[in-house]
Amino acid sequence: MPGRQSGDRSVAELYRDDPERADALVWGRRGALKGAALATMGAALGGAIPFAARMPEGLVPAALAQGSAAPQFLDMEGKARLILQGERPLNAETPEAMLDDDVTPADKFFIRNNGSVPDPVADTRAWKIRVDGEVNTPLELSVGELEGRFEVVTRRLQMECGGNGRSGFSPQAAGNQWGNGAISNAEWTGVRLRDVLRAAGLKDSAKFTGHYGADSHLSAQGPAISRGMPIAKGMEEDTLIAIRMNGQPIPQMHGAPARLLVPGWPGSLSQKWFNRIELKAEPHRGRGMGGTSYRVPVTPIVPGSRNNGADFADMTSMPVRSVLTSHAHGTRLPAGTRSLDVRGQAWAGDLTVSAVHTSVDFGASWQPMTVNPPPNAHSWQRWTGRIALPSDGYFEIWYRATDSNGRMQPHAAANWNPQGYGANPISRAAILVG
Ligand SMILES: Nc1nc2c(c(=O)[nH]1)N[C@H]1C(S)=C(S)[C@@H](COP(=O)(O)O)O[C@H]1N2
Ligand SMILES: [Mo]
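Predicted, not measured: the structure shown is a model, and the values here were computed from it.

**Student:** Mind showing me how you'd approach the domain arrangement of the chain here?
**Tutor:** Interface size is commonly expressed as the accessible surface area that is lost when the partners come together. Once the domains are mapped, the chain shows domain 1 (11–64), domain 2 (83–314) and domain 3 (321–433). Between domain 1 and domain 3, the C-alpha centre-to-centre distance is 23 Å. Of the residues lining the interface, 16 residues belong to domain 1; the matching set on domain 3 comes to 18 residues. In this structure, the connection of domain 1 to domain 3 is made through 1 salt bridge. Between D361 and R54 there is a salt bridge; the shortest N-O distance is 2.6 Å. Our enumeration of links across domain 1 and domain 3 arrives at 6 residue pairs in polar contact (both at pLDDT 80 or more). Per-class residue counts for the side of domain 1 that touches domain 3 are 13 nonpolar, 2 polar and 1 charged.

Put into structure tokens, the structure is as follows:
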């Protein structure tokens, strides 16, 4: 792909190191890209740029803007070649083109740990979960008892890290630099949390939950993470205590023997190795609550500025996002390719996706794609479509989804915050034809 040929390296490198300066040097005072500047840019990108005249001023081509450092990959039994985000704690992202399955298989499921992964237990059915706090009758139920006592349901549910898309922020926000791949949509089987809470008998004072799991922080001090939510989310039909994933016992990495599944909200609520839920009159104050953790500004702050998050609000439903799964960023296609069948997934937290659009002319024109209805609420949705290409050359497929409230992915990550939540800008995949 672009930047590989030695003569073009300098331009590609310049873009990597200092995109703004590169842009000024290559394009000069840009009206339209033409003459020598167009030739230089085309050489750096590896082909002619048929829609050069529609390139917005200051746009850094996707082929040059992304993938600065060579990614490292996970090498682990039972897992696909995920993009390694960190080893201690272990975090790995699913490459976007690997999100093509409607039901995410275990091996392609992203990994997000805040602490150490506990050792597996021998008898998973004897694993106990405690329900206490503002309830009439504190309970301690084994996984076996849960299955025997309550209705067992199966749902396809998205689970997305609150920081998904973080790498879209400028200046860079703290944390794993996720692209779009901290998302999964597995088939979860379990009991509804609300049935269990009702069995314990909620007091009127039970307004919030607090979640606990068996893993500990790497400092070995206290829980790795312990978040909570307003009781209304806990009482929703799709909030589960899950005991199977895709019809199998939950893999150890993903929270065996039982985990919470709080679809549509930050994945951090979906407690793995789940062993206790506490009902509370006030918001829970465990690790990962308060300050700038999983919280976003109510009034935008200056990007890059310091803030203690006191005026921020807890993240609730995740924003709308789409992935392109048919063509990886950097795909090269045979000369003469004039149409592309494209597809991907799109989701919008608690909402549904009403439209997905694509553009191949740098956003000058957009075509509607076909979006399938979700098989059940809180599942992602498949989108498909065909894109026409006028000639050989360098193209970018831009893709964006719109949620059922009419909100669309923005052109740039908005509402910057120190820990980088809620970035869902329009994505761009570079494609070279010929
Ligand atoms: N016990 C426990 N539960 C946890 C976490 C954790 O570190 N420990 N990480 C949370 C976060 S931030 C996310 S995004 C999801 C990731 O789940 P996965 O690793 O199965 O993809 O689990 C959540 N539940
Ligand atoms: Mo997360």
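**Student:** Can you walk me through the packing of aromatic side chains in this structure?
**Tutor:** Remark: the centre distance and the inter-plane angle together describe each pair of aromatic rings, the angle taken between the planes. Summed over the entire model, instances satisfying the criterion amount to 8 aromatic pairs. Seen in terms of ring centroids, W347 and W380 are 5.7 Å apart; in terms of plane orientation they differ by 40°. Their pairing is tilted. Within this pair, whereas W347 is found in strand β17 (residues 339–347), its partner W380 is found in the loop between β20 (370–371) and β21 (381–388), the two being separated by 33 residues in sequence. For the pair shown, W347 and W380 are each scored as buried. Relative to W398, the ring of F362 lies with its centre 6.3 Å away and its plane at 80°, an arrangement referred to as edge-to-face. One end of the pair, F362, is in the loop between β18 (353–359) and β19 (367–368); the other, W398, is in strand β22 (residues 393–403), and 36 residues separate them in sequence. Using a relative accessible area of 4% as the deciding quantity, one classes F362 as buried.

**Student:** How do you make sense of helix α3 (residues 35–45) when you look at a structure like this?
**Tutor:** Every α-helical turn comprises 3.6 residues, leaving residues that sit three or four positions apart pointing alike. Where α3 is concerned, the buried positions are A37, M41, G42, A44 and L45. Here the buried residues of α3 occupy an arc of 160° about the axis, which is enough to place them on one side. Across from the buried face of α3, at angles greater than 90 degrees, the exposed residues are G35, A36 and A39. G46 sits one or two positions beyond α3 and adopts a positive phi of about 90°.

**Student:** Quick question: what am I supposed to make of helix α6 (residues 193–200) here?
**Tutor:** When we look at burial in α6, the residues that qualify are L193, D195, V196, L197 and A200. A positive phi of about 80° marks G201, the residue just after α6.

**Student:** I would appreciate a short explanation of the nonpolar core in the present structure.
**Tutor:** In summary, soluble globular proteins display a tendency toward joint burial of nonpolar side chains. Counting residues in hydrophobic clusters, the biggest one holds 44 residues, and the most contacted among them are I49, V342, F362, W383, Y394 and I397. Taken together, the elements giving at least two residues each to this core come down to α1 (6–17), α3, α4 (62–65), β17, β18, β21, β22 and β23 (427–433). Per-element accounting of this core gives the leading share, 6 residues, to β22. Split by domain, this core shows at least three residues from each of two domains, domain 1 (11–64) and domain 3 (321–433). Counting 29 residues, the second largest nonpolar core, distinct from the first, contains V131, L139, V191 and V196.

**Student:** For this particular structure, what's the right way to read the sheet that holds β22?
**Tutor:** Strands pair in a sheet through their backbones, by hydrogen bonds, and they do so in one of two ways: parallel or antiparallel. Here we have 5 strands laid out as an open sheet, ordered β16-β23-β22-β18-β19, and mixed in their pairing. Of all strands in the sheet, those bounded by a partner on one side alone are β16 (331–333) and β19. Judged from the 7 bridges that link them, β22 and β23 form a sheet pairing that is antiparallel. If you follow Y394 over to β23, its bridge partner there is L432.

**Student:** Is there a simple way to think about the pattern of salt bridges in this case?
**Tutor:** Two side chains bearing opposite charge may form a pair once their charged atoms approach each other closely. Inspection of the entire model under this criterion finds 22 salt bridges. With its nearest N and O atoms 3.9 Å apart, the salt bridge here joins E237 to R192. Placement of E237 in the loop between α7 (231–234) and β9 (240–245) and of R192 in strand β7 (residues 183–192) is noted, with a sequence separation of 45 residues between them. Close ionic contact of R386 with D341 constitutes a salt bridge, the shortest N to O distance being 2.8 Å. With R386 in strand β21 and D341 in strand β17, the pair connects residues that are 45 residues apart, well separated along the chain.

Thresholds, definitions, all that
Residues numbered from 1 in each chain as written. Chains lettered and ligands numbered in written order. Predicted model: local features only at pLDDT ≥ 70, side-chain atom pairs only at ≥ 80, totals over all residues. Heavy atoms only, no water. Domains from an automatic or database assignment. Contact = heavy atoms within 4.5 Å. Salt bridge = Lys/Arg side-chain N within 4 Å of Asp/Glu carboxyl O. Polar contact = N/O pair within 3.5 Å; in protein donor to acceptor, adjacent residues only side chain to side chain. Nonpolar A, V, L, I, M, F, W, Y, C, P; charged D, E, K, R; others polar. Phe/Tyr/Trp six-rings, centres within 6.5 Å; stacked < 30°, edge-to-face > 60°. Helix = DSSP H or I, 4+ residues; strand = E, 2+ residues; numbered from the N terminus. Buried < 20%, exposed > 50% of the residue type's maximum accessible area, 1.4 Å probe, protein only. Arc of directions from axis to C-beta. Core = buried A, V, L, I, M, F, W, Y, C linked by side-chain atoms within 4.5 Å. Pairing = 2+ DSSP bridges.

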